[in-house]
Amino acid sequence: MKYQTNLPAKISNITVCANQAELGVLTYGSVHYYQPLQEKQHVSLTMTQRGMDGYSSSALHPIFAQNLPEGFNRRLITERLARYAKVNNMYFLALQGDQGVGMLSYQSELNLPEIESLTAKVGYTSYIRKSHTVLNLP
């Protein structure tokens, strides 16, 4: 089995986009910090205050957390990537890229090859399927 091993060890910086427009930058050090880059389009209705300096919290904001995998899928991806990377919420968002549900997409240093699958042809793609293909998982 051939595994892709040129994955970054961790993801600490993600550009958040919607409709190919950059909305802001999400970073993670000891806390999650989101800094909006413009005021025309907002990432969330809870972040519409004019002159907002950003969002900072140890917990990921719900607008980002809502698309994270849970349960078995989360554990499976974490176990498969553990030897290559520190898998955390930021890594899951980076894996999602532009294949998530909803208007948000995420750009980072993580570059996975494009895949074509039966699920993509019927309109449903996910970073879980994408990561299974990259890692040669069933």
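S.K.: What's the story with helix 3 (residues 89-96) in this structure? I'm lost.
M.R.: The periodicity of an α-helix, 3.6 residues per turn, causes residues three or four positions apart to be oriented the same way. In terms of burial, helix 3 is largely enclosed, as seven of its eight residues are buried. Taken together, the buried positions of helix 3 are occupied by Met90, Tyr91, Phe92, Leu93, Ala94, Leu95 and Gln96. Where helix 3 starts, the residue carrying a side-chain oxygen 3.1 Å from the main-chain nitrogen of Met90 turns out to be Asn88.

S.K.: What should I look at first to understand the pairing of strand 3 (residues 32-36) in this one?
M.R.: Looking along a regular strand, one sees the side chains alternate between the two faces of the sheet. When strand 2 (residues 21-28) meets strand 3, the two strands line up antiparallel, connected through five bridges. Within strand 3, the position partnered with Val25 by the bridge is Gln35. Relative to strand 4 (residues 55-57), strand 3 runs antiparallel, the two sharing three bridges. Residue pairing for strand 4: Tyr34 is matched across the bridge by Tyr55.

S.K.: Mind showing me how you'd approach the pattern of salt bridges here?
M.R.: Note on pairing: side chains with opposite charge can pair once their charged atoms come close. All told, the structure shown has one salt bridge when counted by the stated rule. Its salt-bridge partner being Arg75, residue Glu79 comes within 3.6 Å of it at the nearest N-O pair. Within this pair, Glu79 and its partner Arg75 are both found in helix 2 (residues 71-81), separated by four residues, close to a single helical turn. Judged by its relative accessible area of 48%, Arg75 falls in the partly exposed class.

S.K.: What is the right way to look at the nonpolar core in this model?
M.R.: In a soluble, globular protein the nonpolar side chains are often hidden away together inside. Of all hydrophobic cores here, the largest spans 29 residues; its most connected members are Val43, Phe64, Tyr91 and Leu104. Counting residues per element, the ones that place at least two in this core are strand 1 (13-18), strand 2, helix 1 (62-65), helix 2, helix 3 and strand 5 (104-107). Apart from residues lying up to four places away in sequence, Phe64 is in contact with Val16, Leu26, Tyr34, Val43, Leu93, Leu104 and Tyr106.

S.K.: How should the sheet that holds strand 2 be read in this particular structure?
M.R.: Two modes of strand pairing occur in sheets, parallel and antiparallel, and in both the strands are linked by backbone hydrogen bonds. Taken in spatial order, the five strands line up as 4-3-2-1-5 in an open sheet, and their pairing is antiparallel. A single partner strand is all that each edge strand has here, and the edge strands are strand 4 and strand 5. Within the sheet, the average angular offset between the axes of one strand and its neighbour, ignoring direction, is 20°. Examined bridge by bridge, strand 1 and strand 2 share six bridges and lie antiparallel to one another. Its bridge partner being in strand 2, Val16 is matched across the sheet by Gly24.

Calculation criteria
- Residues numbered from 1 in each chain as written.
- Predicted model: local features only at pLDDT ≥ 70, side-chain atom pairs only at ≥ 80, totals over all residues.
- Heavy atoms only, no water.
- Buried < 20%, exposed > 50% of the residue type's maximum accessible area, 1.4 Å probe, protein only.
- Helix = DSSP H or I, 4+ residues; strand = E, 2+ residues; numbered from the N terminus.
- Polar contact = N/O pair within 3.5 Å; in protein donor to acceptor, adjacent residues only side chain to side chain.
- Pairing = 2+ DSSP bridges.
- Salt bridge = Lys/Arg side-chain N within 4 Å of Asp/Glu carboxyl O.
- Core = buried A, V, L, I, M, F, W, Y, C linked by side-chain atoms within 4.5 Å.
- Contact = heavy atoms within 4.5 Å.
- Axes fitted to C-alpha atoms, helices over the stretch in contact; angles between N-to-C directions.

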